[in-house]
Amino acid sequence: MSIRLFCHAVFCLLLLTCPLRAAEPVQLGTRLELFVDDFLIEKMNGDVSHHLHRPEPKEVVLVTDEPWEGNTCAYYTIFRDGDLYRMYYRGSHHQEETKKAGHPEVTCYAESKDGVHWIKPNLGLFEFDGSKENNIVWDGIGTHNFVAFKDTNPDCPKEAKYKGMARGRPRGKRGLYIYQSADAINWNLMRDEPVITKGKFDSQNLAFWDDHANIYREYHRTFVNGKRAIMTGTSKDYVTWTEPVLLKYPETPAEHLYTNAVLPYPRTPHILIGFPTRYLPNERQRVEPIFMASRDGVTFRRWLEPVIPESAPQDRRGNRSNYMGWGLVELPDRPDHYSVYATEAYYTGPDSRLRRFEYRKDGFVSIRAGDDGGELITKPFVLNEMAERLKVNFKTNDGGTVRVGLETADGKPIAGYEINNCVPLSGDHIQRNVAWKNGSDLNSLEGKTVRLRFQLKKADLYSLQLQPWLP
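The text that follows walks through the structure, step by step, so that each part is easy to find. (Residues numbered from 1 in each chain as written. Predicted model: local features only at pLDDT ≥ 70, side-chain atom pairs only at ≥ 80, totals over all residues. Heavy atoms only, no water.)

## Topic: the overall build of the protein
If you tally the helices and strands in the protein, you get one helix and 32 strands. For the protein, the C-alpha radius of gyration of 25 Å lies close to 23 Å, the compact-globule estimate for 471 residues. Principal-axis analysis of the C-alpha atoms places the extent of the protein at approximately 80 × 65 × 45 Å. A buried classification covers 54% of the 471 residues belonging to the protein. Taking the intrachain contacts of the protein between residues at least 6 apart in sequence as the baseline, contacts between residues at least 24 apart amount to 62%. For the protein, the accessible area works out to roughly 21,000 Å², and carbon and sulfur atoms hold 50% of it. With 62 positive and 62 negative side-chain charges, the protein shows a separation of 4 Å between the mean positions of the two kinds. (Helix = DSSP H or I, 4+ residues; strand = E, 2+ residues; numbered from the N terminus. Rg over C-alpha atoms; globule rule 2.2 N^0.38 Å. Buried < 20%, exposed > 50% of the residue type's maximum accessible area, 1.4 Å probe, protein only. Contact = heavy atoms within 4.5 Å. Areas by Shrake-Rupley, 256 points an atom, 1.4 Å probe, with all protein chains shown as cover. Lys, Arg positive; Asp, Glu negative; His and termini not counted. Charge placed at Lys NZ, Arg CZ, Asp CG, Glu CD.)

## Here's the deal with the layout of surface pockets
Here the largest pocket defines a volume of roughly 630 Å³. Lining of the largest pocket is provided by 25 residues; of these, Phe 79, Arg 80, Pro 264, Pro 266 and Leu 328 occupy positions nearest its centre. Secondary-structure elements contributing two or more residues to the lining of the largest pocket are β4 (74-81), β11 (147-150), β15 (206-210) and β20 (263-264). Take the lining of the largest pocket: its biggest share by element is five residues, from β4. In terms of residue class, the lining of the largest pocket is built from 15 nonpolar, four polar and six charged. In this structure, the second largest pocket spans a volume of roughly 260 Å³. (1 Å grid on protein atoms, 1.4 Å probe; cavity = no way out; pocket = protein on both sides within 12 Å on 5 of 7 lines; lining within 4 Å. Points joined across faces, edges and corners; volume = space filled by probe spheres on them. Nonpolar A, V, L, I, M, F, W, Y, C, P; charged D, E, K, R; others polar.)

## What about the sheet that holds strand β13 (residues 175-181)?
The strand order across the open sheet formed by four strands is β11-β12-β13-β14, and the pairing between neighbours is antiparallel. The open sheet has two edge strands with one neighbour each: β11 and β14 (188-189). Across four bridges, the pairing between β11 and strand β12 (residues 162-168) is antiparallel. Among the inter-strand pairings, Val 147 is bridged to a residue of β12, identified as Met 165. (Pairing = 2+ DSSP bridges.)

## Considerations on empty space enclosed by the protein
Overall, the coordinates contain one cavity of 30 Å³ or more when judged by the stated rule. Counted as a void, the largest cavity has a volume near 50 Å³. In this structure, the largest cavity is lined by Leu 32, Arg 267, Asp 362, Lys 391, Val 392, Asn 393, Ile 430, Gln 431, Ser 463, Leu 464 and Gln 465. Counting only elements with at least two residues in the lining of the largest cavity, the list comes to β30 (389-408), β31 (428-433) and β32 (449-467). When its residues are assigned to classes, the lining of the largest cavity shows four nonpolar, four polar and three charged.

## Regarding the sheet that holds strand β17 (residues 227-235)
Read from one edge of the open sheet, four strands run β15-β16-β17-β18, paired in antiparallel fashion. What marks the edges here is a single partner per strand, and that holds for β15 and β18 (245-246). Where β15 meets strand β16 (residues 215-224), five bridges bridge the pair, whose relative direction is antiparallel. By the bridge assignment for β16, Phe 208 is matched with Arg 217.

## Notes on the environment of Ser 366
Tracing the backbone shows Ser 366 in strand β28 (residues 365-378). Beyond its immediate chain neighbours, meaning those up to four positions away, Ser 366 contacts Ser 49, His 50, His 51, His 53, Asp 460, Leu 461 and Tyr 462.

## Looking at the pattern of salt bridges
The final tally for this structure, using the stated rule, is 39 salt bridges. A salt bridge links Arg 355 to Glu 344, with the nearest nitrogen and oxygen atoms 2.9 Å apart. Taken together, the residues Arg 355 in strand β27 (residues 353-360) and Glu 344 in strand β26 (residues 337-344) connect sequence positions eleven residues apart. Exposure class is identical for Arg 355 and Glu 344. Each is buried. Between Arg 453 and Glu 407 there is a salt bridge; the shortest N-O distance is 2.4 Å. Pair noted here: Arg 453 is in strand β32 and Glu 407 is in strand β30, with a separation of 46 residues, a long-range link. Here the two residues Arg 453 and Glu 407 agree in accessibility, since each one is buried. (Salt bridge = Lys/Arg side-chain N within 4 Å of Asp/Glu carboxyl O.)

## Some words on unusual backbone geometry
Comment: phi is negative for the bulk of residues other than glycine, and the bulk of peptide bonds are trans. With an omega dihedral of -15°, the bond running from Ala 312 to Pro 313 counts as a cis peptide bond. Summarising the element assignment, Pro 313 is placed in the loop between β25 (300-302) and β26. Backbone geometry at Tyr 238 places phi at a positive 75°, although glycine is not the residue there. Here Tyr 238 shows up in the loop between β17 and β18. Relative accessible area serves as the criterion here: at 0%, Tyr 238 is assigned to the buried category.

## Thoughts on the side chain of Thr 343
Looking at the secondary structure, you find Thr 343 in strand β26. Excluding residues within four positions of it along the chain, Thr 343 makes contact with Tyr 76, Arg 316, Ser 321, Asn 322, Tyr 323, Arg 353 and Leu 354.

## A few points about the environment of Leu 452
Mapping Leu 452 onto the fold places it in strand β32. Each C-alpha atom, one on Leu 452 and one on Leu 406, is 4.9 Å from the other, the two residues being 46 residues apart in sequence.

This is the structure:
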């Protein structure tokens with residue numbers, strides 16, 4: 001017998017005599033889970049697959065028509081701050097006839113009560129063309145790509161309630177500088193030296209406090225083998241940062257990624273989402289936002305289809321005319337949706353514009369079932385004492401249904417919770433109870449390891465959550 005055959009025989013004997021360890025149940029608890037990756041999915045059968053959704057185009061919310069703004073305004077940051085929405089962006093203009101900047105770059109500020117109608121307040125802080133009557137909020141190191149955020153770190157001092165990050169290169173000291181403000185309007189540098197120096201930084205670099213991981217995260221641009229790429233680092237104090245590492249995208253091609261727009265998803269902050277801008281140098285230097293998601297901040301599931309194509313709806317075909325802004329906000333009269341914002345008419349002028357787009361909540365990626373239908377089976381998980389009912393976010397088309405069954409970890413139906421006993425779900429619901437003929441209470445299964453079997457037909461399943469009964 002050859003050595004190769006002998007080794008194969010020994011391997012087969014070990015398989016027969018050594019019991020296989022079952023995979024550990026996933027940790028689900030009562031947190032909301034989205035289907036933006038395969039974290040919860042054991043397998044899918046039939047006419048079901050992941051489906052990437054695009055946000056619906058809405059109205060133009062900002063036109064950069066002031067003398068200190070122009071046709072190359074960019075790197076928009078939008079966040080909600082109580083009853084106020086804040087926006088920061090670069091004011092800049094490109095003169096087509098001279099191929100040069102029309103004026104020095106400045107950082108501008110706008111605010112809104114509803115996320116749709118924005119005003120440019122007269123801040124009176126910095127002079128432009130002999131007057132301080134403007135909405136310029138910063139005119140110092142970092143105006144090319146100043147990005148601000150509200151710090152939710154519970155230990156944050158009040159004078160640094162708002163923080164910023166931007167590229168600077170004064171006197172050859174190139175890197176990312178950090179800023180602070182007590183009121184989101186009056187800013188000053190936190191350090192005279194850059195705190196991050198590894199990277200290229202000519203993009204919308206950003207940072208935020210991650211409430212789930214209890215750290216600051218930053219994401220910035222670099223180059224790898226001639227392609228634009230994204231790096232990330234972490235910090236406990238916003239001043240001292242870890243050595244940045246490249247983001248990973250398993251089983252996806254290397255592509256130019258310009259911005260990143262990474263943030264924790266508000267409804268389930270253990271998941272980070274991002275809208276990096278793919279740069280297409282061979283297509284008129286066109287750009288388009290795509291979607292990605294991560295559970296550790298480094299390895300992302302990246303989708304290849306654009307979420308805002310060049311046709312949505314106008315003036316996105318030109319050079320760098322389709323950037324996603326950084327921000328995901330809920331508007332007062334749209335409780336089941338989130339708004340994002342993207343640029344258009346870059347370079348073409350005489351101004352540029354920012355347009356709002358809208359997602360349904362959890363509506364980035366769904367498990368979509370076609371006319372023939374199919375099944376999704378989750379990985380096993382333990383039902384804890386708080387998991388008293390199952391809610392799902394779904395939408396069905398005419399004749400479509402969603403059914404759910406509970407099974408043991410090895411696939412045996414649990415009495416009373418079989419799929420055939422499930423009350424069929426239909427319609428369009430952000431949050432709907434799953435019920436069986438014996439009711440919807442899961443208390444009798446506390447502590448058991450179970451899995452879910454979904455039967456889907458003409459339906460989109462966006463998310464699920466186990467919840468306690470509320471008084």
